[in-house]
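# Topology and contacts: notes
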Amino acid sequence: MYQILIVDENQEISIPRAKSKHVYRVPNLGEHILVRWKGQTKICEVEDVWTHINLDKDPPYQGAVQILVRWSRGHEPSRYVQRFQLI
């Protein structure tokens, strides 16, 4: 499962459709992802990525992948696209 942590809003968003056997890759630092929260969508930069590993079980297993973003630094999608069309 993925969890997006919006650090400046102290909010966690779980992405239940991304199960542990999903085929998608983990985003890289500095990559931009779409985040929808409270009816708004912003493009946010990934500031950190980590995963929880449970070492209490035998064998150990990987928990949720967590992605840290800041809502205050996010861009409205149409402005984000315009910004890159000008370059």
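Residues numbered from 1 in each chain as written. Predicted model: local features only at pLDDT ≥ 70, side-chain atom pairs only at ≥ 80, totals over all residues. Heavy atoms only, no water.

### Let's talk about the overall build of the protein chain
- Within the protein chain, the regular secondary structure consists of one helix and six strands.
- The buried share among the 87 residues of the protein chain stands at 28%.
- The long-range fraction of contacts in the protein chain, counting pairs at least 24 apart against all pairs at least 6 apart in sequence, stands at 42%. (Helix = DSSP H or I, 4+ residues; strand = E, 2+ residues; numbered from the N terminus. Buried < 20%, exposed > 50% of the residue type's maximum accessible area, 1.4 Å probe, protein only. Contact = heavy atoms within 4.5 Å.)

### As for the nonpolar core
- Ranked by size, the top nonpolar core spans 13 residues in total, and within it Ile-4, Ile-6, Ile-33, Val-35 and Val-69 carry the most contacts.
- Other than its neighbours up to four places away in sequence, Ile-4 contacts Gln-11, Glu-12, Ile-13, Ile-15, Ile-33, Val-35, Ile-67 and Val-69. (Core = buried A, V, L, I, M, F, W, Y, C linked by side-chain atoms within 4.5 Å.)

### Description of the confidence of the model for the protein chain
- When pLDDT is averaged along the protein chain, the result is 85; 85% of the residues meet or exceed 70.
- Between the elements of the protein chain, mean pLDDT differs from a low of 76, seen in helix H1 (residues 77-85), to a high of 94, seen in strand E4 (residues 40-45). (pLDDT = per-residue confidence, 0-100.)

### Quick word on the packing of aromatic side chains
- Taken as a whole and assessed by the stated rule, the structure comprises one aromatic pair.
- Relative to Trp-71, the ring of Trp-37 has its centre 5.4 Å away and its plane inclined at 80 degrees; by these criteria the two rings are edge-to-face. Of the two residues, Trp-37 is situated in strand E3 (residues 32-37) and Trp-71 in the loop between strand E6 (61-69) and H1; the sequence distance between them amounts to 34 residues. Each of the two residues, Trp-37 as well as Trp-71, counts as buried. (Phe/Tyr/Trp six-rings, centres within 6.5 Å; stacked < 30°, edge-to-face > 60°.)

### So, the side chain of Gln-3
- Residue placement: Gln-3 occurs in strand E1 (residues 2-6).
- Here the side chain of Gln-3 touches Gln-66 through a polar contact of 2.4 Å, side chain to side chain. (Polar contact = N/O pair within 3.5 Å; in protein donor to acceptor, adjacent residues only side chain to side chain.)

### Considering the pairing of E3
- The two faces of E3 differ: Ile-33, Val-35 and Trp-37 on one face are buried, but His-32, Leu-34 and Arg-36 on the other face are not.
- As paired elements, E3 and E4 share six bridges and run antiparallel to each other. Bridge pairing in E4 links Trp-37 to Gln-40.
- Remark: two residues form the turn of the hairpin made by E3 and E4, two consecutive strands paired antiparallel; Lys-38 in that turn has positive phi of roughly 55 degrees. (Pairing = 2+ DSSP bridges.)

### So, the sheet that holds E6
- Overall, mixed pairing links the four strands, which are arranged E2-E1-E6-E5 in an open sheet. The open sheet is flanked by strand E2 (11-15) and strand E5 (48-54), the only strands paired with a single partner. Neighbour-to-neighbour, the strand axes of this sheet turn through a mean angle of 25 degrees, independent of strand direction.
- By the bridge criterion, five bridges tie E1 to E6 in an arrangement that is parallel. Across the sheet, Ile-6 pairs through a bridge with Val-69, a residue of E6. (Axes fitted to C-alpha atoms, helices over the stretch in contact; angles between N-to-C directions.)

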